[in-house]
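One-letter residues, chain by chain:
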Amino acid sequence: MQAKTSAALPQSYVGTRTVRPDGVDKVTGRARFGADFNLPGQLVGRVLRSPHAHARILSIDTSKAERLPGVKAVVTRDDFPDQSSEFIPAGEMMMNYRDVVRNVMAREKALYEGHAVAAVAATSTAVARRALKLIDVQYEVLPHVIDVVDAMKPEAPLLHEDLYTAGVEPKPERPSNIAKRVEIGHGDIEAGFARADVIVEREFSTQPVHQGYIEPHAALASVSEDGAVELWCTTQGHFIVRAHCARLLGLDIGKVRVTASEIGGGFGGKTVVYLEPLAVALSRKAKRPVKLVMSREEVFKASGPTSGARIKVKLGATKAGKFTGAFAELKYQAGAFQGSPVQPGTMCAFAPYDIEHVKVIGYDVVSNRPKVAAYRAPGAPISEFAVESVVDELAKKLEIDPVELRLQNAAREGTKAAYGPKFGPIGLIDTLHAVEKTNHYTTPLEEWQGRGVASGFWFNIGGETCASLTVNEDGTVSLMAGTPDIGGLRASLAMVAADELGVPYDKVRPIIGDTGSVGYNFLTGGSRSAFSGSMAVVEAAKQIKADLCTRAAKLWELAPDQVAFENGHVKPVGDTNGRHKPVSVADLAKVAGKTGGPIGGVGRINAQGAGPSFGTHLVDVEVDPETGRVTILRYTMAQDAGRAIHPSYVEGQYQGGAAQGIGWALNEEYIYGADGKLQNAGFLDYRMPVASDVPMIDAIIVEVPNPRHPYGVRGVGETPIVPPMAAIANAIENATGIRFTELPMSPPKVLKALKERGLNGVKA
Amino acid sequence: MARVVLVGNLAQVTDGAGELDLAATSVQHLFQLLTERHPALARHLEEGVAVAIDGQIYQDALLEPIAPDSEVFIIPQIAGG
Amino acid sequence: MAKHHVTATVNGDAVEFLCETEETLLDVLRDTLHLTGSKEGCSSGDCGACSVTLDGRLVCSCLVLGCEVAGRSIETIEGMATGETLHPLQQKFLEHAALQCGICTPGFLVASKALLERDPDPTETEIRYWLAGNLCRCTGYDKIIKAVMDAAAEMRTS
């Protein structure tokens with residue numbers, strides 16, 4: 001930054017801890033989330049869901065429900081035109097419209113307990129509930145399959161008669177539940193393993209876990225007589241919702257206006273549609289607004305968790321600790337329709353390491369449970385849990401410190417990634433060193449306590465982004481972004497705008513625009529919103545600065561190159577320096593109308609250049625030999641943010657992801673009965689971490705700037721959930737000598753393992 | 001000629017020809033050349049791939065230039081959650 | 001079945017409403033009184049997003065029936081600030097970035113206020129166990145606990 005002059009310089013905000021501009025509404029209860037919107041005359045919507053895990057739907061008779069006084073609309077599969085098979089380029093979670101329409105409303109079959117079969121809109125909750133009971137659905141119950149390995153067997157109940165495994169040559173003769181086989185790698189792993197002095201081979205299993213957002217899905221749709229749709233919903237991507245609703249209901253995109261409410265958590269689970277097309281279809285039929293809100297039970301039974309999986313890992317190294325060959329086989333559940341994150345799982349598995357010979361195979365497998373949805377770094381936490389556990393075992397066998405072993409093999413700038421291209425500047429090594437240097441790393445441990453470390457990676461993305469900046473008549477700035485603010489985005493973008501324009505932070509008012517007000521934005525996810533949004537803001541600010549310079553030059557009758565923008569002011573430069581006093585953004589805003597019209601800029605980009613974020617976690621645990629309970633004693637994590645626009649919200653992403661990983665490691669899982677029904681569809685028995693389950697989480701921000709972003713920013717939101725499970729498994733091994741290969745490592749499992757080794761009992 | 005590597009299942013579609021040398025000047029041009037040689041690739045390229053040019057990953061960037069000596073990887077597309 | 005006619009006090013104001021037997025206090029607050037600050041996360045008393053105080057006692061409003069509060073006094077998140085002045089807890093939550101998505105924040109603020117009214121100087125462990133009934137999925141609780149401790153310290157000195 002410049003040296004101070006006599007003129008008061010605007011403060012630089014990026015990198016400081018400002019108070020978020022949307023904060024007051026959130027601490028007073030004023031902020032409106034999905035279920036907080038209401039319209040006059042609105043109807044209550046409710047969804048009828050399949051009680052069976054797998055059944056053919058023979059008939060649906062809604063006549064009695066339609067005749068019930070107070071029922072204004074009923075929709076079923078007949079209200080949604082069938083969609084031909086078409087894959088939507090939507091990232092790694094392959095989506096096919098033919099599957100989307102069937103997930104939103106079952107057609108030929110109910111494919112999981114909770115699958116939507118019909119929906120009603122009525123004048124009250126009581127009437128809606130009664131109406132559901134009057135809908136007569138005839139099912140032919142079929143055998144179901146839940147477990148991924150069971151679903152892969154040739155004799156398993158078949159979910160889709162037309163599903164033939166893709167990625168296999170020749171194409172299989174018979175359909176199966178294996179949707180796809182994927183493979184990545186380079187080199188020759190047989191040669192790699194031949195060169196190894198030590199090889200560790202292990203199998204692992206994980207269970208599906210839910211994103212666990214506290215706010216259930218909610219949508220309020222109002223369709224007018226000319227077919228125009230207004231939709232308020234809680235979502236990570238209102239433009240995605242718009243596209244899906246338009247497609248599924250045969251509407252012009254321009255006629256659908258979606259407003260994203262404040263969102264009470266998403267983590268990837270709100271990047272798809274569930275209630276939204278139902279709300280629109282019901283409102284269109286009823287000619288009145290229709291509001292649909294999921295109960296917590298519905299969230300668990302009918303919205304996508306992430307995959308459960310079986311993983312095999314084989315890793316070889318020389319005595320000195322150099323990895324020579326790496327193999328993994330991943331089997332991921334996709335739920336009722338294909339599209340698990342097994343592909344990124346294969347790409348991320350060995351991503352932190354420089355290994356000459358790598359091969360990873362993955363299988364995408366359907367089974368009778370809800371279609372999986374993205375969950376923070378989709379696919380990576382599962383595969384990296386397995387790999388980081390094996391790295392730890394290898395370290396023990398080689399008698400090399402686990403951080404040192406990782407440092408020796410760490411990917412760095414120029415390393416060829418396991419998935420192909422070379423890395424640019426990356427911070428894995430910096431995070432390993434950061435963790436090694438902490439006091440935590442060397443604090444002595446007591447009996448039944450153990451320490452574990454693990455690293456993790458996510459690619460991060462850019463994507464289509466529009467942001468506008470408008471300078472108001474009094475010099476304040478209105479900022480409109482288009483990616484829902486999950487936690488701190490508006491603050492970060494306002495800080496960038498303030499720095500770019502040289503105006504005070506509290507004079508920038510950011511909002512998230514609806515789909516009618518701002519240009520197309522890809523969803524909030526992929527750790528992209530601050531990265532891409534700030535790029536678009538910089539672009540918008542550039543336009544404004546150029547415009548302000550043009551106006552000032554004309555007012556001063558100078559040539560365009562005789563003025564420049566500096567610290568929130570336009571001033572004459574060069575020969576004309578000092579001829580006129582610098583004018584501020586506010587000064588020029590006052591005469592905007594007289595100098596050409598309103599002042600503003602729009603950044604419309606497809607942000608490229610996202611840089612990966614690496615992280616390393618260090619955890620101390622204590623195992624209670626009497627109960628099998630694992631307590632997290634201490635947690636330290638270091639992750640590369642490139643450049644932290646708002647350090648508190650970067651730390652917040654780190655700590656939140658770590659807490660989700662702790663839950664994934666120690667307690668969270670879906671428990672199904674033999675009847676294929678979910679037994680723990682509530683927060684009591686789907687046990688997420690509470691405040692007394694975790695200690696303070698020390699979050700260290702490492703900054704290896706991303707050369708392709710104007711401020712050096714990297715996405716940070718997803719990587720934090722990748723290392724915790726392995727770090728904790730490694731710590732438990734350190735404490736007990738027992739290597740757990742199944743998640744979650746819940747008290748009954750830990751106690752059983754302790755008993756098997758005669759280690760259980762009251763602590764001395 | 002840019003060296004182009006097809007990662008993962010894409011190599012299957014080209015009958016194992018996972019590495020090719022192509023005189024492509026942009027991503028769009030690259031897709032054209034690939035589809036001419038291997039028509040079955042067209043669907044995959046449309047369904048969504050990411051293109052890494054000299055280590056930089058691009059998604060949906062048809063107009064991005066490719067230099068004569070670039071190293072290009074076509075990898076599955078990524079988003080996140 | 002006729003609705004119940006209930007009068008009560010909410011955030012110091014007298015209120016009067018009709019409710020069905022099965023309507024919870026949360027339903028009444030949100031749908032009838034239009035106080036949407038209390039949130040529905042689970043309807044089974046496990047997440048604390050609906051936390052309010054009933055005659056000074058911290059409760060999950062999803063576990064209280066609307067017709068149970070006749071003649072009683074309810075305090076919600078909407079009553080926490082005094083005019084333009086935020087409660088120290090609200091202020092500290094903002095300063096410490098103790099909220100990301102904010103859906104759990106009203107519940108945490110109401111619960112924390114109830115704690116500090118009973119015990120103005122709780123330890124970190126006591127705070128964590130008191131707030132164990134409030135789920136947060138975004139923050140990992142670190143900054144929430146720090147905000148509560150900081151607010152408690154400030155309230156002790158004022």
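So, how was this worked out
- Residues numbered from 1 in each chain as written.
- Chains lettered and ligands numbered in written order.
- Predicted model: local features only at pLDDT ≥ 70, side-chain atom pairs only at ≥ 80, totals over all residues.
- Helix = DSSP H or I, 4+ residues; strand = E, 2+ residues; numbered from the N terminus.
- Rg over C-alpha atoms; globule rule 2.2 N^0.38 Å.
- Contact = placed C-beta atoms within 7 Å.
- Buried ≥ 20, exposed ≤ 12 C-beta atoms within 10 Å, placed from the backbone.
- Domains from an automatic or database assignment.
- Nonpolar A, V, L, I, M, F, W, Y, C, P; charged D, E, K, R; others polar.
- pLDDT = per-residue confidence, 0-100.
- Pairing = 2+ DSSP bridges.
- Axes fitted to C-alpha atoms, helices over the stretch in contact; angles between N-to-C directions.
- Core = buried A, V, L, I, M, F, W, Y, C linked by C-beta atoms within 7 Å.
- Parallel < 35°, antiparallel > 145°, perpendicular 65-115°, else oblique.
- Left-handed = near helix turned anticlockwise from the far one by under 90°.

Asker: In this structure, what is going on with the overall build of chain B? I would like to understand it.
Answerer: Within chain B, the regular secondary structure consists of three helices and five strands. Relative to the compact-globule value of 12 Å for 81 residues, chain B shows a C-alpha radius of gyration of 11 Å, a close match. For chain B, the spread of C-alpha atoms along the principal axes amounts to about 35 × 25 × 15 Å. Partitioning the contacts of chain B with sequence separation of at least 6, the portion at a separation of at least 24 is 55%.

Asker: Explain the arrangement of the chains to me, please; I cannot follow it from the model alone.
Answerer: Ranking by contact count across two pairs of chains in contact places chains A and C at the top. Taking C-alpha atoms as the reference, chain B and chain C come no closer than 14 Å and do not contact one another.

Asker: Explain helix α3 (residues 97-104) of chain A to me, please; I cannot follow it from the model alone.
Answerer: For an α-helix the count is 3.6 residues per turn, leaving residues at separations of three or four pointing the same way. Residues and elements named next belong to chain A. With six of eight residues buried, α3 lies mostly within the body of the structure. Within α3 the residues assigned to the buried category are Asp 99, Val 100, Val 101, Arg 102, Asn 103 and Val 104. Among the structural elements, β5 (95-96), β7 (116-122), α7 (238-249) and α8 (276-286) are those in contact with the buried residues of α3.

Asker: Is there a simple way to explain the domain arrangement of chain A in this structure?
Answerer: Interfaces are frequently sized by the accessible area removed from exposure as the parts join. Residues and elements named next belong to chain A. Once the domains are mapped, chain A shows domain 1 (39-142 + 211-302), domain 2 (144-208 + 308-424), domain 3 (436-460 + 612-764) and domain 4 (462-607). Distance from the C-alpha centre of domain 3 to the C-alpha centre of domain 4: 41 Å. Counting residues at the interface gives 16 residues for domain 3, matched by 14 residues for domain 4. Here the residues of the side of domain 3 that touches domain 4 are counted per class, giving seven nonpolar, seven polar and two charged.

Asker: What is the right way to read the interface of chain A and chain B from this model?
Answerer: Contacts between the two partners involve 37 residues from chain A and, on the opposite side, 23 residues from chain B. Those elements giving two or more residues to the side of chain A that touches chain B turn out to be β9 (178-186) and α10 (342-348) of chain A. The element contributing the most residues to the side of chain A that touches chain B is β9(A), with three residues. For the side of chain A that touches chain B, a count of residues per class yields 18 nonpolar, 13 polar and six charged.

Asker: What is the right way to look at the confidence of the model for chain A in this model?
Answerer: Caution is warranted with low-pLDDT regions, since their predicted coordinates should not be read in detail. Residues with a pLDDT of 70 or more make up 98% of chain A, whose mean pLDDT is 95. A low-confidence stretch, residues 1-9 of chain A (pLDDT under 50), is modelled with five contacts involving residues beyond four sequence positions or located in other chains.

Asker: Explain the environment of B:Ala24 here, please?
Answerer: Residues and elements named next belong to chain B. Within the fold, Ala 24 resides in the loop between β2 (19-22) and α2 (27-37). On the neighbour-count criterion, Ala 24 (23 C-beta atoms within 10 Å) is buried. Each C-alpha atom of the pair Ala 24 and Pro 65 lies 8.6 Å from the other, and the pair is 41 residues apart in sequence. Not counting residues up to four positions away in its chain, the partners in contact with Ala 24 are Ala 2, His 29, Leu 30, Leu 33 and Ile 66.

Asker: Teacher, can you tell me more about the sheet that holds strand β24 (residues 583-584) of chain A here?
Answerer: Remark on secondary structure: sheet strands pair via backbone hydrogen bonds, oriented parallel or antiparallel. Residues and elements named next belong to chain A. With antiparallel pairing, the three strands of this open sheet are ordered in space as β22-β23-β24. If you trace the sheet from one side to the other, it starts and ends with β22 (563-566) and β24, each paired once. On top of the sheet, helix α16 (residues 529-556) reaches β22, β23 (569-572) and β24; it is set at about 135° to β22, its chief contact.

Asker: In this structure, what is going on with the interface of chain C and chain A? I would like to understand it.
Answerer: On the side of chain A, 42 residues touch chain C, which itself brings 42 residues to the contact. It is helix α2 (residues 88-95) of chain C that contributes the most residues to the side of chain C that touches chain A, four residues altogether. Residue composition of the side of chain C that touches chain A, by class: 22 nonpolar, eleven polar and nine charged.

Asker: Explain the nonpolar core here, please?
Answerer: Generally speaking, soluble globular proteins have nonpolar side chains that are buried together. With 327 residues, the main nonpolar core has A:Leu231, A:Ala279, A:Leu479, A:Ala497, A:Val537 and A:Ile728 as its most contacted residues. With twelve residues, α16(A) is the single largest residue contributor to this core.

Asker: Teacher, can you tell me more about the pairing of strand β27 (residues 630-640) of chain A here?
Answerer: The side chains of a regular strand alternate between both faces of the sheet. All names here are of chain A. In terms of burial, β27 is largely enclosed, as nine of its eleven residues are buried. Across nine bridges, strand β26 (residues 613-623) lies against β27 in antiparallel orientation. When the bridges of β27 are listed, Gly 615 appears paired with Gln 639. Remark: six residues form the turn of the hairpin made by β26 and β27, two consecutive strands paired antiparallel; Gly 628 in that turn has positive phi of roughly 80°.

Asker: What should I look at first to understand the environment of B:Asp15 in this one?
Answerer: For B:Asp15, the location among the structural elements is in the loop between α1 (10-13) and β2. C-alpha of B:Asp15 to C-alpha of B:His38: the two residues are 23 residues apart in sequence and 9.0 Å apart in space.

Asker: Would you mind going over the environment of C:Gly102 with me for this structure?
Answerer: Tracing the backbone through its elements, the reader meets C:Gly102 in the loop between α2 and α3 (105-118). A sequence separation of 36 residues divides C:Gly102 from C:Cys138, and the C-alpha atoms of the two residues are 8.8 Å apart. Setting aside residues no more than four positions away along its own chain, C:Gly102 makes contact with A:Lys26, A:Ala31 and A:Glu262.

Asker: What am I meant to see in unusual backbone geometry here?
Answerer: Only a minority of non-glycine residues have a phi that is not negative, and only a minority of peptide bonds are not trans. Across the junction of A:Glu169 and A:Pro170, the peptide omega takes the value -5°, indicating a cis bond. Looking at the secondary structure, you find A:Pro170 in the loop between α5 (148-152) and β9. For the bond running from A:Leu743 to A:Pro744, omega is -10°, close enough to zero to count as cis. Its location among the elements puts A:Pro744 in the loop between α19 (724-736) and α20 (747-756). Not every positive phi belongs to a glycine, and A:Phe267 is a case in point at roughly 60°. The topology assignment puts A:Phe267 in the loop between β13 (256-260) and α8. A residue is classified by how many C-beta atoms lie within 10 Å of it, and A:Phe267, with 29 of them, is buried. Positive phi values are uncommon outside glycine, yet C:Asn11 reaches one of about 50°.

Asker: Is there a simple way to think about the packing of α2(C) against α3(C) in this case?
Answerer: If you want to describe how two helices pack, look at the angle between their axes and the distance between the axes. All names here are of chain C. Look at α2 against α3: their axes get within 10 Å of each other, and the N-to-C directions meet at 130°. With respect to each other, α2 and α3 are oriented oblique. Handedness of the crossing formed by α2 with α3: right-handed. Counting all contacts with α2, which are made through Leu 89, Gln 90 and Phe 93, the residues of α3 involved are Thr 105, Leu 109, Ser 112 and Lys 113. Among the residues forming the contact of α2 with α3, the class breakdown is three nonpolar, three polar and one charged.

Asker: Can you help me understand the pairing of strand β15 (residues 309-317) of chain A in this one?
Answerer: All names here are of chain A. The buried fraction of β15 is high, at seven of nine residues. The pairing of strand β10 (residues 198-206) with β15 spans nine bridges and is antiparallel. Counterpart to Ile 199 in the pairing with β15 is Gly 316. As consecutive antiparallel partners, β15 and strand β16 (residues 323-335) are separated by five residues, and within that stretch Gly 321 has a phi angle of approximately 105°, a positive value.

Asker: Just to check I follow, could you spell out the sheet that holds strand β3 (residues 51-54) of chain C for this structure?
Answerer: Residue and element names in this part refer to chain C. Strand order across the open sheet formed by five strands is β2-β1-β5-β3-β4, with mixed pairing between neighbours. Whereas interior strands pair on both sides, the edge strands pair on one side only; in this sheet they are β2 (13-19) and β4 (57-60). When strand polarity is set aside, the average angle formed by the axes of neighbouring strands in this sheet is 40°. Of the pairings in the sheet, the one linking strand β1 (residues 4-10) to strand β5 (residues 73-75) comprises two bridges and is parallel in character. Note on β5: the bridge partner recorded for Val 10 is Ile 74. On top of the sheet, α3 reaches β3 and β4; it is set at about 40° to β3, its chief contact.

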